[in-house]
Amino acid sequence: MPIYKANGKKDGLQKYNVRVNYISDSGQAKQLTRTAYGLEAAKELERRLASGVKDGSENTAKKMTVQQLFDEYEAAKQYEIRETTHDKNRRNYALYVKPTLAGIRIDRVTVALLQEWKRSIEQKGLHLNTKRHAYGIVRAILNYAVRMEYIPNSPLPKVGNFKEALSVKPGMSIYTAQEFMEFINAAKEQATEREKKHRDLSEWDYYVFFNIAFYCGLRKGEIHALKWSDLNGAYLSVKRSISQKLKGEDRETPPKNKSSIRTLQMPLPLIQILKEHRARQERLAHFTEDYRICGGERCLRDSTIETRNKQYAALSDLDSIRIHDFRHSHVSVLANSGILIQEVARRLGHSRVEMTWNTYSHLYPREEEKAVDVLNAIA
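The rules behind each value
- Residues numbered from 1 in each chain as written.
- Predicted model: local features only at pLDDT ≥ 70, side-chain atom pairs only at ≥ 80, totals over all residues.
- Heavy atoms only, no water.
- Helix = DSSP H or I, 4+ residues; strand = E, 2+ residues; numbered from the N terminus.
- Contact = heavy atoms within 4.5 Å.
- Areas by Shrake-Rupley, 256 points an atom, 1.4 Å probe, with all protein chains shown as cover.
- Salt bridge = Lys/Arg side-chain N within 4 Å of Asp/Glu carboxyl O.
- Buried < 20%, exposed > 50% of the residue type's maximum accessible area, 1.4 Å probe, protein only.
- 1 Å grid on protein atoms, 1.4 Å probe; cavity = no way out; pocket = protein on both sides within 12 Å on 5 of 7 lines; lining within 4 Å.
- Points joined across faces, edges and corners; volume = space filled by probe spheres on them.
- Nonpolar A, V, L, I, M, F, W, Y, C, P; charged D, E, K, R; others polar.
- Pairing = 2+ DSSP bridges.
- Core = buried A, V, L, I, M, F, W, Y, C linked by side-chain atoms within 4.5 Å.
- Polar contact = N/O pair within 3.5 Å; in protein donor to acceptor, adjacent residues only side chain to side chain.
- Disulfide = S-S within 2.5 Å.

Colleague: Sorry if this is basic, but what is going on with the overall build of the chain here?
Modeller: Within the chain, the regular secondary structure consists of 16 helices and 8 strands. Across the chain, the fraction of contacts at a sequence separation of at least 24, relative to all contacts at a separation of at least 6, is 62%. Of the roughly 21000 Å² of accessible surface on the chain, a fraction of 50% belongs to carbon and sulfur atoms.

Here is the structure:
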């Protein structure tokens, strides 16, 4: 039986095991066994697997191209990774892998071929992170091919990942605590004025958005997804995220990774700000605990947030920084106050402290003189 039910469900869809039998070149009977969620997905997976086996006598890898491998990999991971990650993978594959590697048979993907692909990517003048995302796609699908026994091993590790050029990093844009207070006071003045003149409370949502970004260091999508039910006294729970880039609509997804699901203690200024904001939203006719903290029935629009960001910066006579830089500013305040990097990593939702250190080590004050003083005192 090529498709049969297995224990487990995901997003309400039944888990299925898909099995295709074939004969290897050496005459041995072999099987391909894969997992899918939902009967339609299982049928499509069976079709793809079967199409790779010619007349039941030829190994799938003999004819499988990189494009076919990517399609199968995507189907396999459909319910294992976030939809936003799928979307990013598809874009990166289409832009940086497909043009040169899509038609190549996977048993003919060699170190020399991958080195040439890597050289072509280097010539595009892309940001390091973009190049590493492209590398990550190739690594993922080739590792999948090894697990499925389509190829004996991946040649990619011999090529190596893209490395950072030996140049000075541009400075990270941040607001100091004083600069943020100037910025947020401008936002508060705008919200107060709009409420008085037009009896419109909507400007307060932007004021609260930037306060959460600075005081908690949350990602934009995490702030969008916050509901009043996510607050418990002095604690805020991050349970979900929202993307506004998929198919022209808001899509609620799990946070970026498992470590991004976290509970943070809020500082007193933010607790008071949220208390006042809840009182404003409770004046709305249909208020519920499921209202978005910033936006009510629908989260704020990214484009309008960016407009407000530039407007408040101009009013406070500051240079405008990116929305994500409020997260960097949060880290800067903590780092320069001596907060351990382990706690900073936890608050940011990073899975490894190394990620935090690689990004923010330059924000930590130098401890060289203090270290030498400690050693001097030993004599």
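Next comes the rest of the account.
Colleague: Mind showing me how you'd approach the pattern of salt bridges here?
Modeller: Opposite charge on two side chains makes pairing possible when the charged atoms of those side chains draw close. Enumeration over the complete set of coordinates arrives at 23 salt bridges. One salt bridge connects Arg-91 with Asp-87, and the closest N-O pair in it is separated by 2.2 Å. Pair noted here: Arg-91 and Asp-87 are both in helix H3 (residues 83–96), with a separation of 4 residues, about one helical turn. Under the relative-accessibility criterion, Asp-87 is labelled buried at 18%. When the shortest N-O distance is used, the salt bridge between Arg-278 and Glu-282 registers 2.8 Å. Residue Arg-278 is classed as partly exposed on the basis of its relative accessible area of 23%.

Colleague: How do you make sense of empty space enclosed by the protein when you look at a structure like this?
Modeller: Over the atoms, a rolled probe matching the size of one water molecule traces out where space is still vacant. This structure, assessed with the given rule, holds 3 cavities of 30 Å³ or more. For the largest cavity, the full set of lining residues is Ala-213, Leu-218, Arg-219, Lys-220, Ile-223, Ile-323, His-324, Phe-326 and Arg-327. Counting only elements with at least two residues in the lining of the largest cavity, the list comes to helix H10 (220–225) and helix H13 (325–335). Each residue belonging to the lining of the largest cavity can be placed in one class, and the counts come to 5 nonpolar, 1 polar and 3 charged.

Colleague: Just to check I follow, could you spell out the sheet that holds strand S5 (residues 235–238) for this structure?
Modeller: In sheet architecture, strand pairing relies on hydrogen bonds along the backbone and comes in two forms, parallel and antiparallel. Taken in spatial order, the 3 strands line up as S4-S5-S8 in an open sheet, and their pairing is antiparallel. Edge positions in the sheet fall to strand S4 (231–232) and strand S8 (262–265), since each of these pairs with one other strand and no more. Here 2 bridges tie S4 to S5, and the two strands are oriented antiparallel to one another. Within S5, the residue paired with Leu-231 across the bridge is Leu-236.

Colleague: Please clarify how the nonpolar core should be interpreted in this entry.
Modeller: Nonpolar side chains tend toward joint burial in soluble globular proteins. Counting 41 residues, the largest nonpolar core has Phe-183, Phe-210, Ile-212 and Leu-218 as the members making the most contacts within it. With 11 residues, helix H9 (residues 203–216) is the largest single contributor of residues to this core. Those residues in contact with Leu-218, other than ones at most four positions away along the chain, are Ile-212, Ala-213, Ile-223, Leu-226, Leu-236, Val-238, Arg-262, Leu-264 and Arg-327.

Colleague: Mind showing me how you'd approach the side chain of Gln-67 here?
Modeller: As for its placement among the helices and strands, Gln-67 is situated in helix H2 (residues 66–76). Reaching out from Gln-67, the side chain makes a polar contact with the side chain of Tyr-93 at a distance of 2.9 Å. The residues contacting Gln-67, other than those within four sequence positions of it, are Tyr-93, Lys-98 and Ala-102.

Colleague: Could you clarify how one ought to interpret the environment of Val-97 in this entry?
Modeller: Of note, Val-97 is situated in the loop between H3 and helix H4 (98–101). C-alpha separation for the pair Val-97 and Gln-67, spaced 30 residues apart in sequence, amounts to 9.2 Å. Excluding residues within four positions of it along the chain, Val-97 makes contact with Asn-92, Ala-102, Trp-117, Ala-134, Ile-137 and Val-138.

Colleague: For this particular structure, what's the right way to read the pairing of S8?
Modeller: One face of the sheet, then the other: side chains in a regular strand alternate in exactly this way. Burial of the side chains of S8 is restricted to one face: Arg-262 and Leu-264 are buried, whereas none of Thr-263 and Gln-265 on the reverse face is. Both S5 and S8 contribute to a ladder of 4 bridges, which runs antiparallel. Paired with Leu-236 across the strands is Leu-264, a residue of S8.

Colleague: Where do I start with the state of the cysteines in this structure?
Modeller: Disulfides are covalent bonds that link the sulfur atoms of two cysteine residues. The final tally for this structure, using the stated rule, is 0 disulfides. Residue Cys-294 stays outside any disulfide, its sulfur separated by 9.5 Å from that of Cys-299, the closest cysteine. Overall, the relative accessible area of 0% leaves Cys-294 in the buried class.

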